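Below, each chain spelled out in residue letters.
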2 protein chains.
Amino acid sequence: MSVTDLFDPRGIAVVGASETSGKIGYEAMQNAVEFDGPVYPVNPSASGTIFGREFVSSVTEIDGEVDLALCCVPAPIVPDVIEDCGKAGIGGAVVFAGGFGEAGPDGEELEERLIEAASEGDVALLGPNTSGFLVPEEHLFATFATDVDTIPAGNVAVVAQSGGLAYAIAFQAENEGVGVSAMVGLGNRANVGFEEAIEYFDGDAKTDSIVLHVEGTDDGRGLLETCRRVETPVVAYNVGEQDVGDFAESHTGALTGEYELYEAGFAQYGVPTVRTSTELLDAGTALASSPRPDGPNVGVVTAQAGPGIAITDRLKAAGANLPSLTEETQDIVEEILPGITFSANPVDTGRPMPEFGDVVAAVARDDNIDIVLVYELYEGGLGYPTDTLAAVVDEVQKPIVFASGGPEAVINEELAELEALGIPTFTAPERGADAVSALVQYAKRNAGPDAAVAGEEVSVDD
Amino acid sequence: MSVTDLFDPRGIAVVGASETSGKIGYEAMQNAVEFDGPVYPVNPSASGTIFGREFVSSVTEIDGEVDLALCCVPAPIVPDVIEDCGKAGIGGAVVFAGGFGEAGPDGEELEERLIEAASEGDVALLGPNTSGFLVPEEHLFATFATDVDTIPAGNVAVVAQSGGLAYAIAFQAENEGVGVSAMVGLGNRANVGFEEAIEYFDGDAKTDSIVLHVEGTDDGRGLLETCRRVETPVVAYNVGEQDVGDFAESHTGALTGEYELYEAGFAQYGVPTVRTSTELLDAGTALASSPRPDGPNVGVVTAQAGPGIAITDRLKAAGANLPSLTEETQDIVEEILPGITFSANPVDTGRPMPEFGDVVAAVARDDNIDIVLVYELYEGGLGYPTDTLAAVVDEVQKPIVFASGGPEAVINEELAELEALGIPTFTAPERGADAVSALVQYAKRNAGPDAAVAGEEVSVDD
């Protein structure tokens, strides 16, 4: 079974392609034709063309290189279609239909037939009961969802048990201007599950972090071991702290109720965990765009005390360590800003000022500091210390996370410049703190011999 | 002392107005001239005009109706300026300078002199050590901060101990398209503190909810009793769970470290509390734009299971009660959607569909339900069920909170239509859940005799 056929196909067949707008077979076809390779609409009862492509009666009749079939047909027909895919040498398929394992005994039987067909035909099968996947850089929109072709290419792969949540995250990525390398809704995980997806995206050159949405799986250990094995950083959003078992089971047929076990497992296997979809995206973005942190010690530099206090409070609650700065750094900071408001850690400059970037640079260079979190409300006429940070980020090779506030119309362009330097940016103080907390978790959970907790003030959460 | 002079002045004096761009006296003047009333630059060592207004040598020389002085002068001069304000009959002042109570014994002495001058002159004094306040609807930008004149008018009053955090929230409000009725950074609270501000905005026709950022105050009981006394809903973001005492004290001279006492106090005095600035804004928006909930019972309707499960998990963790729907409602839902995925509570329609609004309407009409939370990813060609919701929101007079996902360019216009109906909208599933959790807290903490917890499934957190 080759997951590459699924996620990196040469051509696409849309089985059940339809001329009726609003139908899954129409929407999937409309998305598919954005792909740069050949796309074949398959429907035995249709003729002529759709979106300029001629209908084919069966996948076995396609004369061309097709690796991926999007199955837009009702559940009972799906196993036969997958059998045909196997015969046609199509190695990847997405099954959108529900009515399988999540839908009682009859559905379970149908899913068994489906898995058997996929296995016999050597088909990597995403779903059933999924809204598909996207690879924006390849213009590969293997889904019936609408308005997806503006989701930009990025370097975070979203692998979600729920297609709905996958889209919720991908649209947040679009609205934040960060994008995704891929977005996958696993659905019932007939034969492509977390392990297969994580391994594939670990080997994907476009992907620098993998973020997971997990409701539950019958092979938790396999998932965890895969997370530990891969080189790419993984973050997990583990849902199901409360009793939502009935609802979740009706969803993807997965049993939840093992929330604590998963939380402990992720901690043990090196995976930071988060509490919301926004945090998941932010943590993935921070891990994908920053150098990996060598340790859990955070230096905070703020131009406004109030947000700095809120950030510090939240970081400490998440178990971050804010060590004292070295005397050398303190001397530099005091020289730049005599009588500075609060020159320990956090460093509070009181207001944005031309020297703000130099203060950040001094803290970033401090040997006690592994991760830098900066907060600065935008001030017109002054802007962000982009040039100073450009030099320091190359020099120190530590994560520098930048949180700010201001009107989007004014700040977005300058924030994009920081992001281009490998400095993840966030527009609420606590979002910056949460992203750094994920980096701290990553450092603690993947601690090498050099990852000591620095300084006087020590706190350890896991 | 009249806080109205401060927050609703007839005219403004900018004391220390400067012609040098970047100086506080320049930025404050630039903001002040946006005001619809008269604005006077005051500076004994300047002459001519600035922004078309003629310099005056002292506030006592102003020939016009001025109620508010923006003091852009260094700390040591401030008490004399306030004395002059008293003589000139100026009843409100903002003091931007730091170097008072937060800055050691000398500063404390200076602050005492300042308070005495304000008291003798009957001046309502915001600050010192504040970045001021805004009332966007009046084009009243009493601040030196830049890029503030695009913050739109709304109906949430932001009252923050920290000016920096106040701006962080106001800019989020701008970027979310919700706006604020006012934004106030209290700073050192010389004689205008939480109580005075909350009481003022309780009587303000533009304000439908008041959101607080609290680092600590020496009169916690006064704050809490004010919150209970006022009619307008209040929400609090109480910072300082962890030990950030030194840093906070250097900020506004306030002692933190009483986090748990405040949390308990807010619970007892009817004030929902939140954990981030984003949650604070969202909770304030939900309370300002919805009918007040009669009870804590939440009905969830989702078009996608994954986000619905995440929402349910988060609501339950926050202590929300999701009762069973009445049999009547269940019958209606099953008639609309036979064999619906999950027709208890949450109701999961599996996909957006034309009947989605009818399902929401049925749940909203259910007597077991006090608050409705809807999640629906945007689907092109279908849109949101705006017309159906317009009718039901008028009929049921219950909060209906709408969370969604999609590209902003596509969804923002339709979300604004929902907001205009009094349906607060949020673009991440958990943000919808958090806003509803604040409504649940509000209902529980202000429970009248009718606010019983409905149905079988009961959980109580406070």
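Residues numbered from 1 in each chain as written. Chains lettered and ligands numbered in written order. Predicted model: local features only at pLDDT ≥ 70, side-chain atom pairs only at ≥ 80, totals over all residues. Heavy atoms only, no water.

An unreviewed UniProt entry lists chain A under the name acetate--CoA ligase (ADP-forming), with Natronorubrum texcoconense as the source organism. For chain A, the Catalytic activity (unreviewed entry) comment in UniProt is given as "acetate + ATP + CoA = acetyl-CoA + ADP + phosphate". (UniProt positions renumbered as here; feature names shortened; annotations may be inferred.)

Asker: Can you help me understand the domain arrangement of chain A in this one?
Answerer: Often, the extent of an interface is quoted as the loss of accessible area on bringing the components together. Residues and elements named next belong to chain A. In terms of domains, chain A is made up of domain 1 (1-130), domain 2 (150-289) and domain 3 (291-445). Taking only C-alpha atoms, the centre of domain 2 and the centre of domain 3 are 28 Å apart. The partner domain 3 presents 14 residues to the 17 residues of domain 2 that form the contact. Overall, the association of domain 2 and domain 3 removes approximately 1500 Å² of surface from exposure, summing both partners, and the carbon and sulfur fraction of that is 56%. Summed over the shared surface of domain 2 and domain 3, the result is 3 salt bridges. A salt bridge links Arg-431 to Asp-282, with the shortest nitrogen-to-oxygen separation between them at 2.7 Å. At the boundary of domain 2 with domain 3, the tally comes to 5 residue pairs in polar contact (both at pLDDT 80 or more). Within the residue set of the side of domain 2 that touches domain 3, elements represented by two or more residues are α9 (259-268) and α10 (277-289). Of the residues forming the side of domain 2 that touches domain 3, the biggest block, 7 residues, is contributed by α10. (Domains from an automatic or database assignment. Contact = heavy atoms within 4.5 Å. Buried area = accessible area lost by both parts, 1.4 Å probe. Salt bridge = Lys/Arg side-chain N within 4 Å of Asp/Glu carboxyl O. Polar contact = N/O pair within 3.5 Å; in protein donor to acceptor, adjacent residues only side chain to side chain. Helix = DSSP H or I, 4+ residues; strand = E, 2+ residues; numbered from the N terminus.)

Asker: Would you explain empty space enclosed by the protein in this entry?
Answerer: The gaps left among the atoms become clear once a water-sized probe is rolled over them. Residue and element names in this part refer to chain A. One pass over the full model with this rule turns up 4 cavities of 30 Å³ or more. A volume near 50 Å³ is recorded for the largest cavity. In terms of lining residues, the largest cavity is bounded by Glu-176, Val-178, Leu-281, Asp-282, Thr-285, Glu-419, Thr-425, Phe-426 and Arg-431. Of all the secondary structure elements, the ones that give two or more residues to the lining of the largest cavity are α10 and β19 (425-426). For the lining of the largest cavity, the element with the highest residue contribution is α10, accounting for 3 residues. Among the residues making up the lining of the largest cavity, the classes are represented as 3 nonpolar, 2 polar and 4 charged. (1 Å grid on protein atoms, 1.4 Å probe; cavity = no way out; pocket = protein on both sides within 12 Å on 5 of 7 lines; lining within 4 Å. Points joined across faces, edges and corners; volume = space filled by probe spheres on them. Nonpolar A, V, L, I, M, F, W, Y, C, P; charged D, E, K, R; others polar.)

Asker: Would you mind showing me how to read the interface of chain B and chain A here?
Answerer: Between chain B and chain A, the contact holds 64 residues from the first and 64 residues from the second. Counting the surface lost from both chain B and chain A, the interface buries some 4800 Å², and carbon and sulfur atoms represent 64% of this. On the chain B side of the contact with chain A, Phe247(B), Ile309(B) and Asp313(B) bury the most area, a combined 15% of that side's loss. On inspection of chain B and its partner chain A, the count reaches 0 salt bridges.

Asker: Can you help me understand the UniProt feature "domain: CoA-binding" (unreviewed entry) in chain A in this one?
Answerer: Look at the UniProt record and you will see "domain: CoA-binding" (unreviewed entry) annotated at residues 6-100 of chain A. Helix and strand shares over residues 6-100 of chain A are 23% and 21% respectively, and the end C-alpha atoms of the span are 21 Å apart.

Asker: Even after reading the chapter, I still don't get the sheet that holds strand β13 (residues 234-238) of chain B, so can you show me in this structure?
Answerer: The strands making up a sheet associate through backbone hydrogen bonding, with each pair oriented either parallel or antiparallel. All names here are of chain B. Strand order in the open sheet made by the 7 strands is β9-β8-β11-β10-β12-β13-β14, with mixed pairing throughout. One side of each edge strand has no neighbouring strand; the edge strands of this open sheet are β9 (140-142) and β14 (273-274). Where strand β8 (residues 133-135) meets β9, 3 bridges bridge the pair, whose relative direction is antiparallel. Following the sheet pairing, Leu-134 is matched in β9 by Phe-141. Helix α9 (residues 259-268) rests against β12 (209-214), β13 and β14 of the sheet, and its axis sits at about 165 degrees to β13. (Pairing = 2+ DSSP bridges. Axes fitted to C-alpha atoms, helices over the stretch in contact; angles between N-to-C directions.)

Asker: What is the right way to read the packing of helix α13 (residues 356-365) of chain A against helix α14 (residues 386-396) of chain A from this model?
Answerer: To describe two helices that pack against each other, one gives the angle between their axes and the distance between the axes. All names here are of chain A. Running from N to C, α13 and α14 point in directions that differ by 5 degrees, and their axes come no closer than 9 Å. If you check the angle between α13 and α14, you find them roughly parallel. Between α13 and α14, the residues in contact are Gly-357, Asp-358, Val-360, Ala-361, Ala-364 and Arg-365 and Thr-388, Leu-389, Val-392, Glu-395 and Val-396, respectively. Class assignment for the residues of the contact of α13 with α14 results in 6 nonpolar, 2 polar and 3 charged. (Parallel < 35°, antiparallel > 145°, perpendicular 65-115°, else oblique.)

Asker: What's the story with the pattern of salt bridges in this structure? I'm lost.
Answerer: Opposite charge on two side chains lets them pair, provided their charged atoms get close. For the structure shown, the criterion picks out 28 salt bridges over all chains. Measuring nitrogen to oxygen at the nearest pair gives 2.7 Å for the salt bridge that ties Arg314(B) to Asp434(B). Residue Arg314(B) is located in helix α11 (residues 305-317), and its partner Asp434(B) is located in helix α16 (residues 429-445); the two are separated by 120 residues in the primary sequence. Residues participating in the shared-partner salt-bridge network are Arg10(A), Glu65(A) and Asp67(A).

Asker: Any chance you could explain the packing of aromatic side chains here in plain terms?
Answerer: Where two aromatic rings form a pair, the distance of their centres and the angle of their planes describe that pair. In total, this model carries 20 aromatic pairs over all chains according to the counting rule given. Each ring, one from Phe7(B) and one from Tyr200(B), has its centre 5.2 Å from the other, and the planes form 40 degrees; the classification is tilted. Of this pair, Phe7(B) sits in helix α1 (residues 3-7) while Tyr200(B) is found in helix α6 (residues 194-202), placing the two residues 193 residues apart along the sequence. Like Phe7(B), the residue Tyr200(B) is buried in the burial classification. With a centroid separation of 5.0 Å and an interplanar angle of 80 degrees, the aromatic rings of Tyr384(B) and Phe402(B) are classed as edge-to-face. Pair noted here: Tyr384(B) is in the loop between β17 (371-377) and α14 (386-396) and Phe402(B) is in strand β18 (residues 400-405), with a separation of 18 residues, a long-range link. Comparing Tyr384(B) with Phe402(B), the two get one shared label, buried. A connected cluster of aromatic rings, assembled from ring pairs, spans Phe7(A), Phe133(A), Tyr200(A) and Phe201(A). (Phe/Tyr/Trp six-rings, centres within 6.5 Å; stacked < 30°, edge-to-face > 60°. Buried < 20%, exposed > 50% of the residue type's maximum accessible area, 1.4 Å probe, protein only.)

Asker: Can you walk me through the pairing of strand β10 (residues 153-160) of chain A in this structure?
Answerer: A regular strand places its side chains so that they alternate between the two faces of the sheet. All names here are of chain A. Counting buried positions along β10 yields 6 of 8 residues, so the element is predominantly enclosed. Bridge count for β10 against strand β11 (residues 180-185) is 5 bridges, and the pairing is parallel. Bridging from a neighbouring strand, Ala-153 pairs with Val-180 of β11. Bridging between β10 and strand β12 (residues 209-214) involves 5 bridges; their strand directions are parallel. Within the sheet, the bridge partner assigned to Ala-160 lies in β12 and is His-213.

Asker: Would you explain the sheet that holds strand β1 (residues 12-15) of chain B in this entry?
Answerer: Residue and element names in this part refer to chain B. The 5 strands lie next to each other as β2-β1-β5-β6-β7, forming an open sheet whose pairing is parallel. For this open sheet the edge positions go to β2 (39-42) and β7 (124-126), each flanked by a neighbour on one side alone. On average, each strand axis in the sheet is tilted by 20 degrees relative to the strand beside it, whichever way the strands run. Relative to β2, β1 runs parallel, the two being bridged by 4 bridges. Pairing of Val-15 across the sheet is with Val-42, part of β2.

Asker: Looking at this structure, I do not really get the nonpolar core. What am I missing?
Answerer: As a rule of thumb, nonpolar side chains are buried together in soluble globular proteins. Formed by 110 residues in total, the largest nonpolar core has its most connected members in Val298(A), Leu315(A), Leu373(A), Val298(B), Leu315(B) and Leu373(B). Those residues within four positions of Leu315(A) in sequence are excluded, and the remaining contacts are Val298(A), Val300(A), Ala320(A), Leu322(A), Leu373(A), Ala433(A), Val436(A) and Ser437(A). (Core = buried A, V, L, I, M, F, W, Y, C linked by side-chain atoms within 4.5 Å.)

Asker: Help me understand the packing of helix α5 (residues 163-176) of chain A against α10(A) in this model?
Answerer: All names here are of chain A. Packing of α5 against α10 brings their axes to within 10 Å, and their N-to-C directions diverge by 60 degrees. Relative to α10, the element α5 is oriented oblique. The two elements α5 and α10 meet at a crossing, and its hand is right-handed. Across the interface between the two elements, Ile-169, Gln-172, Ala-173 and Glu-176 of α5 pack against Ser-277, Thr-278, Leu-280 and Leu-281 of α10. Per-class residue counts for the contact of α5 with α10 are 4 nonpolar, 3 polar and 1 charged. (Left-handed = near helix turned anticlockwise from the far one by under 90°.)

Asker: Is there a simple way to explain the relation of the copies chain B and chain A in this structure?
Answerer: A rotation about an axis combined with a shift along that same axis relates the two copies of the chain. Least-squares fitting of chain B to chain A yields an RMSD of 0.0 Å, with the transformation described by 0.0 Å of translation along the axis and a rotation of 180 degrees. A rotation of that kind, with that shift, is consistent with a two-fold axis. When the interface residues of chain B are mapped onto chain A, 100% of them again lie at the interface, so the same face is used by both copies. (Least-squares fit on C-alpha atoms with pLDDT ≥ 70 in both.)

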